[in-house]
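# Residue-level structure breakdown
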Amino acid sequence: MSSHRSSHHLAVAVAAAAAALPALLGAAPSAAAKPLPVPAPGPAHHLVVTVSDTGKAADARTYDLYCHPTGGNHPNPAAACAEVSKKTVWGADPFAPVPKGTACTKIYGGPATAHVAGRWSGRPVRADFSRADGCEISRWKKFAALLGTPRT
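About the criteria used
- Residues numbered from 1 in each chain as written.
- Predicted model: local features only at pLDDT ≥ 70, side-chain atom pairs only at ≥ 80, totals over all residues.
- Heavy atoms only, no water.
- Disulfide = S-S within 2.5 Å.
- Helix = DSSP H or I, 4+ residues; strand = E, 2+ residues; numbered from the N terminus.
- Buried < 20%, exposed > 50% of the residue type's maximum accessible area, 1.4 Å probe, protein only.
- Core = buried A, V, L, I, M, F, W, Y, C linked by side-chain atoms within 4.5 Å.
- Contact = heavy atoms within 4.5 Å.
- Salt bridge = Lys/Arg side-chain N within 4 Å of Asp/Glu carboxyl O.
- Arc of directions from axis to C-beta.
- Pairing = 2+ DSSP bridges.
- Axes fitted to C-alpha atoms, helices over the stretch in contact; angles between N-to-C directions.

### Comments concerning the state of the cysteines
- Within this structure, the stated rule accounts for 2 disulfides.
- Covalent S-S linkage joins Cys104 and Cys135, the inter-sulfur distance amounting to 2.0 Å. Residues Cys104 and Cys135 share a disulfide whose torsion about the S-S bond is about -100 degrees; that sign makes it left-handed. Placement of Cys104 in the loop between α2 (77-87) and β4 (113-120) and of Cys135 in helix α3 (residues 134-142) is noted, with a sequence separation of 31 residues between them. The residues Cys104 and Cys135 share a single accessibility class, namely buried.
- Sequence-ordered numbering of the bonded cysteines in the protein chain gives a disulfide pattern of 1-2, 3-4.

### Points about the nonpolar core
- Grouped together as the largest cluster of nonpolar side chains are 20 residues, with contacts concentrated most on Phe95, Val116, Phe129, Leu146 and Leu147.
- Those elements that place two or more of their residues in this core are β1 (45-52), α2, β4, β5 (123-130) and α4 (144-147).
- Excluding residues that lie within four positions of it along the chain, Phe95 makes contacts with Leu47, Val84, Val116, Trp120, Val125, Ala127, Phe129, Arg139, Phe143 and Leu146.

### Some words on the pattern of salt bridges
- Within this structure, the stated rule accounts for 1 salt bridge.
- Of the charged contacts, one joins Arg139 and Glu136 as a salt bridge, the two residues approaching to 3.5 Å between their closest N and O atoms. Of this pair, Arg139 and Glu136 are both found in helix α3, 3 residues apart, which corresponds to roughly one turn of the helix.

### Quick look at α2
- Buried within α2 are the following residues: Pro77, Ala80, Cys81, Glu83 and Val84. Buried residues of α2 fall within an arc of 160 degrees about the axis and therefore sit on the same side.
- For α2, the elements touching its buried residues are β2 (61-66), β3 (71-72), β4, α3 and α4.

### Looking at the sheet that holds β4
- The strand order β3-β2-β1-β4-β5 describes an open sheet built from 5 strands, whose pairing is antiparallel. If you trace the sheet from one side to the other, it starts and ends with β3 and β5, each paired once.
- The pairing of β2 with β3 spans 2 bridges and is antiparallel. What sits directly across from Tyr66, in β3, is Gly71.
- Here α2 sits on the sheet and contacts β2, β3 and β4; the angle it forms with β2, its principal contact strand, is near 70 degrees.
- Relative to the sheet, α3 contacts β1, β4 and β5, its axis offset from that of β5 by approximately 130 degrees.

What follows is the structure, encoded as structure tokens:
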């Protein structure tokens, strides 16, 4: 019987604590949660993308890309931002180079190169891309909306 009373008292104490929690946190129990503001453009999500050696002079370009909210002079900022956002995983660098020692096919995808610099999710970005072998071609394709597809 004593354990029944202890369980009852524990349940009452937990219910009282749960009811008091909103007041302790400075919010009324019926107050609706407000969404967090969208980050301002600038240092948290700004990339400068430079693509060159694409085989056609008109394809060489430098773009500013802002995300959250979307902006800049990238030809398709919404697609580029969505692509990079999908590739972003907590604790991992979405722009990481191909790991050293990776076996890659010796397929040459052309002389195109790209450099991406800036900040993404508040972290610095300095990434170089090429199409020198199968791994680098695959890495480029992973960011096709950001980098574009060079003519080969």
